[in-house]
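Understanding the architecture of this molecule
What follows is each chain in one-letter form.
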Amino acid sequence: MSEQSNSVQFQNTNKWSTKELVTMALFAAIATVLMFIQIPILPSAPFLTYDPSFAAAAVVGFAFGPAAGLIVGIVASVLHALFLGEWVGALMNIAACIFFILPAAAIYKKDHTLRGAVIGLIAGCIFATLGAFLTNATIGVWFWYGDINVILPLMIPAVLPFNLLKTILNSVIALAVYKTISNLITPKKDQVKGR
């Protein structure tokens, strides 16, 4: 009668490696801190403030895929809400993150070049700006304004240009830092070469 080995083998079934998960956690913390930077960028609407947190989420989305970028942006929004108690703002931020990061990172994943990154970020800017109209007309009306006629007059002169400017600034920052950061956080075989 032969003895059989009862050894148990474990296989890592996670989508991301331990290093990638740690990097995502670090970038979620960075994005959370960046959310506390509140800069009014539109003189006609000083109540709308810019923060560079989506740039951090975009970098992770480019490095590890759309889902990773979304996780960083969503976790940062939730942590920020836990600190400030602004849950409606967090919900709108999560929606903005989805509209911006998902198309940007998905396009870059298919076209892993500078051209793909630029096209992806342009698509993200467009979707996030249109998404701002949608979220303000739904979530904003339900929880803040009470009446769509309150927000509609602000859409074209304030909400839409602000969100377009916000996503453009985050896109410029992400493009400026991605190559350097990517070469630090990704394996050598996946590092960004040239431009």
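Please refer to the structure higher up on the page.
Let me sum up the structure you'll find in this document. Since the model is a prediction, treat every value here as computed from it, not as a measurement. (Residues numbered from 1 in each chain as written. Predicted model: local features only at pLDDT ≥ 70, side-chain atom pairs only at ≥ 80, totals over all residues. Heavy atoms only, no water.)

**Description of the packing of helix α2 (residues 53-64) against helix α4 (residues 87-110)**
For clarity, the threshold we go by: Here an axis means a line fitted to C-alpha atoms, over the contact stretch when the element is a helix, while the angle between two N-to-C directions is reported on a 0 to 180 degree scale. A run of H or I in DSSP becomes a helix once it reaches four residues, and a run of E becomes a strand once it reaches two; helices and strands are each numbered from the N terminus. In this scheme the crossing of two helices becomes right-handed for a clockwise turn of the near helix relative to the far one and left-handed for an anticlockwise turn of less than a right angle. Two residues qualify as a contact provided that any one of their heavy atoms is within 4.5 Å of a heavy atom in the partner residue.
Closest axis-to-axis distance for the α2/α4 pair is 9 Å, and the angle between their directions is 35 degrees. Considering only the axes of α2 and α4, their crossing is right-handed. Along its contact with α2, which presents Phe54, Ala57, Ala58, Gly61 and Phe62, the element α4 presents Asn93, Ala96, Cys97, Phe100, Ile101, Ala104, Ala105 and Tyr108.

**Section: the side chain of Ser77**
Our working definition: Note on classification: 1.4 Å probe, protein chains only; a residue is buried when its accessible area is under 20% of the maximum for its type, exposed when over 50%, partly exposed between these limits.
Within the secondary structure, Ser77 sits in helix α3 (residues 66-84). On the accessibility criterion, Ser77 (2% relative accessible area) is buried. Here Ser77 is in contact with Met35, Ala90, Asn93 and Ile94, once residues within four sequence places are set aside.

**So, the packing of helix α1 (residues 18-35) against α2**
Quick note on the threshold: Any angle from 65 to 115 degrees is called roughly perpendicular, while one under 35 is roughly parallel, one over 145 is roughly antiparallel, and all others are oblique. Gly falls in the polar group here, along with every residue not listed as nonpolar (Ala, Val, Leu, Ile, Met, Phe, Trp, Tyr, Cys, Pro) or charged (Asp, Glu, Lys, Arg).
Running from N to C, α1 and α2 point in directions that differ by 165 degrees, and their axes come no closer than 7 Å. Viewed along their axes, α1 and α2 adopt a mutual orientation that is roughly antiparallel. The interaxial crossing formed by α1 with α2 has left-handed handedness. Along the contact surface, α1 presents Glu20, Thr23, Met24, Phe27, Ala31, Leu34 and Met35, while α2 presents Ser53, Ala56, Val59, Val60 and Phe64. Partitioning the contact of α1 with α2 into residue classes produces nine nonpolar, two polar and one charged.

**A look at a nonpolar patch on the surface**
The following threshold applies: Candidate patch residues must exceed 30% relative accessible area and have no salt bridge, after which like charges are joined if within 9 Å and Val, Leu, Ile, Met, Phe, Trp or Tyr side chains if within 5 Å. Residue exposure ignores everything except the shown protein chains as possible cover, and the areas themselves are Shrake-Rupley values with a 1.4 Å probe. The salt bridge definition used is simple: a Lys or Arg side-chain nitrogen within 4 Å of an Asp or Glu carboxyl oxygen.
Together, Phe36, Ile71, Val75, Val78, Leu79, Leu82, Phe83, Leu84 and Trp87 make up an exposed nonpolar region whose accessible area comes to about 810 Å². If you tally residues by element for the nonpolar patch, the top one is α3, at seven residues. The residue Leu82 is located in helix α3 in this model.

**So, the layout of surface pockets**
Which entries qualify depends on this criterion: The method works on a 1 Å grid over the protein atoms by themselves. A cavity is a set of points holding a 1.4 Å probe that cannot get out, a pocket is an open set with protein on both sides within 12 Å along at least five of seven lines, and residues with an atom within 4 Å of a point line them. Grid points are joined across faces, edges and corners, and a volume is the space filled by probe spheres set on the points.
Computed from the structure, the largest pocket encloses a volume of approximately 780 Å³. Looking at the largest pocket, it is lined by 35 residues, and the ones nearest its centre are Leu48, Thr49, Gly89, Asn93 and Trp144. For the lining of the largest pocket, the secondary-structure elements that each account for two or more residues are α3, α4, α5 (114-145) and α6 (148-185). For the lining of the largest pocket, the element with the most residues is α4, which contributes eight residues. For the lining of the largest pocket, the per-class residue count stands at 21 nonpolar, 11 polar and three charged.

**Side note on the nonpolar core**
Put simply, the rule reads: Put simply, a nonpolar core is a bunch of buried Ala, Val, Leu, Ile, Met, Phe, Trp, Tyr and Cys residues held in one set by side-chain atoms that sit within 4.5 Å of each other.
Of all hydrophobic cores here, the largest spans 33 residues; its most connected members are Phe64, Val72, Phe100 and Ile101. Every element with two or more residues in this core is listed here: α1, α2, α3, α4, α5 and α6. By size, the runner-up hydrophobic cluster in this structure holds six residues, among which are Ala137, Val141, Met155 and Val159.

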